[in-house]
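As a plain string of letters, each chain reads:
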Amino acid sequence: MKGIGKRVTVAFLSIVALLTASGVISLFELSNLSYDTDAILSASGRDMEVSKNLLRSAHDHSRAIIDIAIFGKEDKSACHKALAELDSQISSVRDNAPAVVQGCVDSLSLFSAELRLLTDNFHSTETVVIDSLTVEVHKVDGRKWYVEAYEPSYDRFTEQVKRYTTLSHGQVAPRAAQLSKNAYRSVAPVLISLVVMIAIVLMFYFFVYIYGVKPILCINKALADHLSFKLPYKVKAEMIDEIKELNDNIENLINISKSNKMQ
């Protein structure tokens, strides 16, 4: 390739192409990074919301059981409503749960069924048959039943909810680690292109100075010395392309001028 103009054009276009390619790659990686971040945050928020709803429904059921067992309320509709909410939430979780979490979800279903069984089997009074002629009705000690029968089952359910939360977050952790790698990968093209661009600019400066600026300075000095002090025109610099042609043309003009003066 000849011509300093073409060389300069190619050099600048190469820098532009490098920056454009690195920018496109970085935008693509940042887009993937944004998508992964949204997915992780959505999954984490969804798991936290599910855990919160499960614990709230379990608490509502516990309060309703206290009203029945301790305070003697006969209506169990609040208990059944809380159990229905538990079953609905567990069913919605099971549809999207990964294989690692499926066992925990099944355990939640078992503990929910246990709470339902305790609710259905509890009665404020119990009938005791003494013999074929004697039947006695005793009032059930609701406090004792709640502490000995219901509370252990309730505690098992809440512990299982906490285990579900832990397992769900465990599924998010590898994706979070991958997210960190993706962040480095999205920044790497920019850093690489920046280093390459600095190297190219320094090289470009070197070649421009050696083959452009320095020859022009030498030409200007030699021409000024010739005009001022009548020194011979001689440029000591490496020249290529148009600058060499410019130097040759100046030398030819000086020689022509000398020939005209001699004639």
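Above this text is the structure in question.
This one's a predicted model, so the numbers in the text were calculated from it and none came from an experiment.

Colleague: What exactly am I supposed to notice about the overall build of the protein chain here?
Modeller: Within the protein chain, the regular secondary structure consists of five helices and two strands. Of the regular secondary structure in the protein chain, the N- to C-terminal order runs α-α-α-β-β-α-α. Taken over the C-alpha trace, the protein chain has a radius of gyration of 44 Å; the compact-globule value for 263 residues is 18 Å, which it surpasses by more than 25%. Each of the 263 residues in the protein chain was classed as buried or not, and the buried ones make up 29%. In the protein chain, of all internal contacts separated by at least 6 residues, the share reaching a separation of at least 24 is 70%. Measuring between centres, the 29 positive side-chain charges of the protein chain sit 18 Å from its 30 negative side-chain charges.

Colleague: What exactly am I supposed to notice about the nonpolar core here?
Modeller: General note: in soluble globular proteins, nonpolar side chains tend to be found buried as a group. Ranked by size, the top nonpolar core spans 28 residues in total, and within it Leu 54, Val 105, Leu 108, Trp 145, Tyr 150, Phe 157 and Tyr 164 carry the most contacts. Going through the elements one at a time, helix H1 (4-69), helix H2 (77-96), helix H3 (99-121) and helix H4 (142-229) are the ones with two or more residues in this core. Ignoring any residue separated from it by four or fewer positions in sequence, one finds Tyr 164 in contact with Asp 47, Val 50, Ser 51, Val 93, Val 101, Cys 104, Val 105 and Leu 108. Counting eight residues, the second largest nonpolar core, distinct from the first, contains Ile 219, Ala 222, Val 235 and Met 239.

Colleague: What is the right way to read helix H5 (residues 241-262) from this model?
Modeller: An α-helical segment advances 3.6 residues per turn. Residues three or four places apart therefore align on the same side. The terminal C-alpha atoms of H5, which comprises 22 residues, lie 32 Å apart, in line with the 32 Å expected from a rise of 1.5 Å per residue. Considered for burial, the residues of H5 that qualify are Asp 241, Ile 243, Asn 247, Ile 250 and Ile 254.

Colleague: For this particular structure, what's the right way to read the side chain of Thr 119?
Modeller: By the element assignment, Thr 119 lies in helix H3. Residue class for Thr 119 comes out buried when judged on its relative accessible area of 1%. Only 2.8 Å separates the side chain of Thr 119 from the backbone oxygen of Leu 115, close enough to count as a polar contact. If we skip the residues at most four places from it in the chain, Thr 119 touches His 61, Ile 65, Lys 76, Cys 79, His 80 and Leu 83.

Colleague: Would you explain the side chain of Gln 89 in this entry?
Modeller: Position of Gln 89 relative to the elements: it lies in helix H2. Judged by its relative accessible area of 15%, Gln 89 is buried. Those residues in contact with Gln 89, other than ones at most four positions away along the chain, are Asn 53, Leu 54 and Ser 57.

Colleague: Explain unusual backbone geometry here, please?
Modeller: Glycine aside, negative phi is the norm for most residues, and most peptide bonds take the trans geometry. Positive phi, close to 60°, is recorded for Lys 230, a residue that is not glycine. Tracing the sequence through the fold places Lys 230 in the loop between H4 and H5. Of the residues examined, Lys 230 reaches a relative accessible area of 62% and is grouped as exposed.

Colleague: Where do I start with H2 in this structure?
Modeller: With 20 residues, H2 should cover 28 Å at 1.5 Å per step; its first-to-last C-alpha distance of 30 Å lies within 8% of that length. Those residues of H2 lying buried are Cys 79, Ala 82, Leu 83, Leu 86, Gln 89, Ile 90 and Val 93. Along H2, the residues classed as buried sweep out an arc of 125° about the axis, all on the same side. Summarising the geometry of H2, the exposed residues directed more than 90 degrees from the buried face are Lys 81, Asp 95 and Asn 96.

Colleague: Explain the pattern of salt bridges here, please?
Modeller: Side chains that differ in sign of charge can pair as their charged atoms come close. One pass over the full model with this rule turns up seven salt bridges. A salt bridge links Lys 221 to Asp 225; its shortest N-O distance comes to 3.2 Å. Of this pair, Lys 221 and Asp 225 both sit in helix H4, separated by four residues, roughly a single helical turn. With a relative accessible area of 54%, Lys 221 lands in the exposed category.

Rules used in this analysis
Residues numbered from 1 in each chain as written. Predicted model: local features only at pLDDT ≥ 70, side-chain atom pairs only at ≥ 80, totals over all residues. Heavy atoms only, no water. Helix = DSSP H or I, 4+ residues; strand = E, 2+ residues; numbered from the N terminus. Rg over C-alpha atoms; globule rule 2.2 N^0.38 Å. Buried < 20%, exposed > 50% of the residue type's maximum accessible area, 1.4 Å probe, protein only. Contact = heavy atoms within 4.5 Å. Lys, Arg positive; Asp, Glu negative; His and termini not counted. Charge placed at Lys NZ, Arg CZ, Asp CG, Glu CD. Core = buried A, V, L, I, M, F, W, Y, C linked by side-chain atoms within 4.5 Å. Expected span 1.5 Å × (residues − 1). Polar contact = N/O pair within 3.5 Å; in protein donor to acceptor, adjacent residues only side chain to side chain. Arc of directions from axis to C-beta. Salt bridge = Lys/Arg side-chain N within 4 Å of Asp/Glu carboxyl O.

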